[in-house]
Amino acid sequence: MDEPVDYGNWVPKNLLYSAIVLIIILIIFSLFPLLLILRIILWVLSVVLLFACCYLFLLYYHFTVNNKELQYKIWDFVVQKLPWNGKGKVLDVGTGAGALAIRVAKHYPHSKIYGIDSWGKMWNYSKRMCEKNAEIEGVSSRTSFQKTSARKLPFNDEEFDAIVSNFVFHEVRNTKDKTKAIKEAFRVLKKGGSFALQDIFKKKRKFGTIETLISNFKKWGVEEVNYEYIIDEIEFPKILRAEFSSAILFYGIK
Ligand SMILES: C[S@@+](CC[C@H](N)C(=O)[O-])C[C@H]1O[C@@H](n2cnc3c(N)ncnc32)[C@H](O)[C@@H]1O
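Worth saying up front: this structure is predicted, and the values here are computed from it rather than measured.

*Asks:* What exactly am I supposed to notice about the environment of Ala-242 here?
*Replies:* Here Ala-242 lies in the loop between α10 (238–241) and β7 (248–253). A sequence separation of 11 residues divides Ala-242 from Ile-231, and the C-alpha atoms of the two residues are 9.2 Å apart.

Given below as C-alpha cells:
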C-alpha cells in the first residue's frame, strides 16, 4: 500500500501534551490541604486551562489534514492567487512539512521549488519529513529543502521568480519587527517576479497597519499589490472565523 503523506498539524502536539500535564498538576495540588483561597485559585486556573485545552483540541481536529480538507483549501488559495506563468524558481518561506511547496510543484510542472524553514522544537516538522512527502507526491526531483532562518536567507538578491509563504512571518522569533522577514523575502525575488504571502497581516501589533505594510512593500520594490481576507474566500467553521479574521493573502508583482 502507498505510504500516506504526513503534513503534520499547525497545532503542535507538544503544546497539547504540556497543557494536559499542567491541568493534571494543578488538580493534584488543589487536593492538598492548602488554604481554601489557594485551592480556589488552583481550581479556577484548572478550569480556564481546560477550556483553552478544549479549544486547542478543536483547532487540532480542524487542522488535521484530510479532515474536511480545510488545510488543503488554505494552501491552494495561495497557489491559485499566485500571478505566475510557472516557469523558474520558487521559494516557500517557512515550509513546515513542505505542503505548500509540494502543491506549487504539482501545480507548475516546469518549476523548481525551494523550501526553507528553521524547523525549531515547537512543531514536529523537519527537512526529512518534507523530502519524504515530496517523494510520495512524485515531485522530489523538483523540490529542495534547506534549514535556515527566514530572517536571513542564504540566497542572492533577485534569485527567485516567485515567492510564497503561509502563516510564517508572525512566528519569526529572532526579530521583534516581523516585517524584516518580509523585506528579506522580497530581496530574493526578481524584479517582475510574483508573490503570494498569507499570514495574520491584520494584527497591527505584529505588522502595523495594512496601509503602512503596503507602503513598505512599495519601498522594497513591489510594483503591484492586491490583498484578500481569507475568511471571505474560504469557508471556515464558525468557531474558527474569529481566529482567522486577521488572516490576509497579499499577492502581486515586484
Ligand atoms: C504555522 S507553521 C506553517 C508551516 C507551513 N507554511 C504550512 O503552511 O503548513 C509556521 C512555520 O514557520 C516556521 N518558522 C518559524 N520561525 C521561522 C524562521 N525564523 N525561519 C524560518 N521558518 C520559521 C516554523 O518552523 C513552522 O514550520
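*Asks:* Can you walk me through the sheet that holds strand β2 (residues 111–117) in this structure?
*Replies:* Within a sheet, adjacent strands bond to each other through the backbone by hydrogen bonds, running parallel or antiparallel. Taken in spatial order, the 7 strands line up as β3-β2-β1-β4-β5-β7-β6 in an open sheet, and their pairing is mixed. The open sheet has two edge strands, β3 (143–147) and β6 (224–229), and neither has a second partner. Taken pair by pair, the neighbouring strands of this sheet meet at an average axis angle of 15 degrees, ignoring direction. Examined bridge by bridge, strand β1 (residues 88–93) and β2 share 6 bridges and lie parallel to one another. By the bridge assignment for β2, Gly-88 is matched with Ser-111.

*Asks:* Honestly, the packing of helix α1 (residues 13–30) against helix α2 (residues 36–62) in this entry has me stumped. Any pointers?
*Replies:* Helix packing for two helices is described by the angle between their axes and how far apart those axes are. One way to put it is that α1 packs onto α2 with a least axis distance of 9 Å and a crossing angle of 160 degrees. Here α1 is positioned roughly antiparallel relative to α2, judged by the angle of their axes. Helix-helix and strand crossings are classified by hand; for α1 and α2 the assignment is left-handed. Only Arg-39, Leu-42, Trp-43, Leu-45, Ser-46, Leu-49, Leu-50, Ala-52, Cys-53, Leu-56, Phe-57 and Tyr-60 of α2 make contact with α1, whose side of the interface consists of Leu-15, Leu-16, Ala-19, Ile-20, Leu-22, Ile-23, Leu-26, Ile-27, Phe-29 and Ser-30.

*Asks:* Can you help me understand the pairing of strand β4 (residues 160–166) in this one?
*Replies:* Strand residues, when the strand is regular, have side chains that alternate between the two faces of the sheet. β4 sits mainly inside the fold: 7 of its 7 residues count as buried. Of the strand pairs in this sheet, β1 and β4 are connected by 4 bridges, and their pairing is parallel. Within β4, the position partnered with Val-93 by the bridge is Ser-165. Strand direction decides the pairing type here: β4 and strand β5 (residues 189–199), joined by 6 bridges, are parallel. Following the sheet pairing, Asn-166 is matched in β5 by Gln-198. The parallel pair β4 and β5 is bridged by helix α6 (residues 179–187), and the resulting crossover is right-handed.

*Asks:* What is the right way to look at the domain arrangement of the chain in this model?
*Replies:* By a widely used convention, the size of an interface equals the accessible area lost when the partners come together. If you check the domain split of the chain, you get domain 1 (13–62) and domain 2 (70–253). Each of domain 1 and domain 2 was reduced to a C-alpha centroid, and the two centroids are 35 Å apart.

*Asks:* Is there a simple way to explain the site of the ligand in this structure?
*Replies:* The immediate surroundings of the ligand are formed by 22 residues, with Gly-94, Gly-96, Ser-118, Ala-150 and Asn-166 found nearest. Broken down by class, the residue content of the shell around the ligand amounts to 10 nonpolar, 8 polar and 4 charged.

*Asks:* Just to check I follow, could you spell out the packing of helix α3 (residues 70–81) against helix α4 (residues 99–107) for this structure?
*Replies:* Running from N to C, α3 and α4 cross one another at 50 degrees; their axes reach a closest spacing of 10 Å. One element, α3, and the other, α4, form an angle in the oblique class. When you trace α3 past α4, the crossing you get is right-handed. Counting all contacts with α3, which are made through Trp-75, Asp-76, Val-78 and Val-79, the residues of α4 involved are Ala-99, Leu-100, Arg-103, Val-104 and His-107. A class-by-class count of the residues in the contact of α3 with α4 yields 6 nonpolar, 1 polar and 2 charged.

*Asks:* What is the right way to look at the pairing of β7 in this model?
*Replies:* Note that β5 and β7 share 6 bridges and pair antiparallel. Looking across to β7, one finds that Ser-194 is bridged to Ile-253. In this sheet, β7 lies alongside β6 in antiparallel orientation, the contact comprising 6 bridges. Directly across from Tyr-229, in β7, lies its bridge partner Ile-248.

*Asks:* Quick question: what am I supposed to make of the nonpolar core here?
*Replies:* The nonpolar side chains of soluble globular proteins are, as a tendency, buried together. With 54 residues, the main nonpolar core has Val-90, Ile-163 and Val-164 as its most contacted residues. Once residues lying within four places of it in the same chain are set aside, the contact partners of Ile-163 are Val-90, Leu-91, Val-93, Ala-185, Leu-189 and Phe-195.

*Asks:* Explanation requested: the environment of Lys-127 in the structure shown.
*Replies:* The topology assignment puts Lys-127 in helix α5 (residues 127–136). Along the chain, Lys-127 and Gln-146 lie 19 residues apart, while their C-alpha atoms are 6.8 Å from each other. Ignoring any residue separated from it by four or fewer positions in sequence, one finds Lys-127 in contact with Trp-119, Phe-145 and Lys-147.

The rules we used
- Residues numbered from 1 in each chain as written.
- Predicted model: local features only at pLDDT ≥ 70, side-chain atom pairs only at ≥ 80, totals over all residues.
- Helix = DSSP H or I, 4+ residues; strand = E, 2+ residues; numbered from the N terminus.
- Pairing = 2+ DSSP bridges.
- Axes fitted to C-alpha atoms, helices over the stretch in contact; angles between N-to-C directions.
- Parallel < 35°, antiparallel > 145°, perpendicular 65-115°, else oblique.
- Left-handed = near helix turned anticlockwise from the far one by under 90°.
- Contact = placed C-beta atoms within 7 Å.
- Buried ≥ 20, exposed ≤ 12 C-beta atoms within 10 Å, placed from the backbone.
- Right-handed = clockwise from strand over helix to strand, strands pointing away.
- Domains from an automatic or database assignment.
- Near = placed C-beta within 6 Å.
- Nonpolar A, V, L, I, M, F, W, Y, C, P; charged D, E, K, R; others polar.
- Core = buried A, V, L, I, M, F, W, Y, C linked by C-beta atoms within 7 Å.

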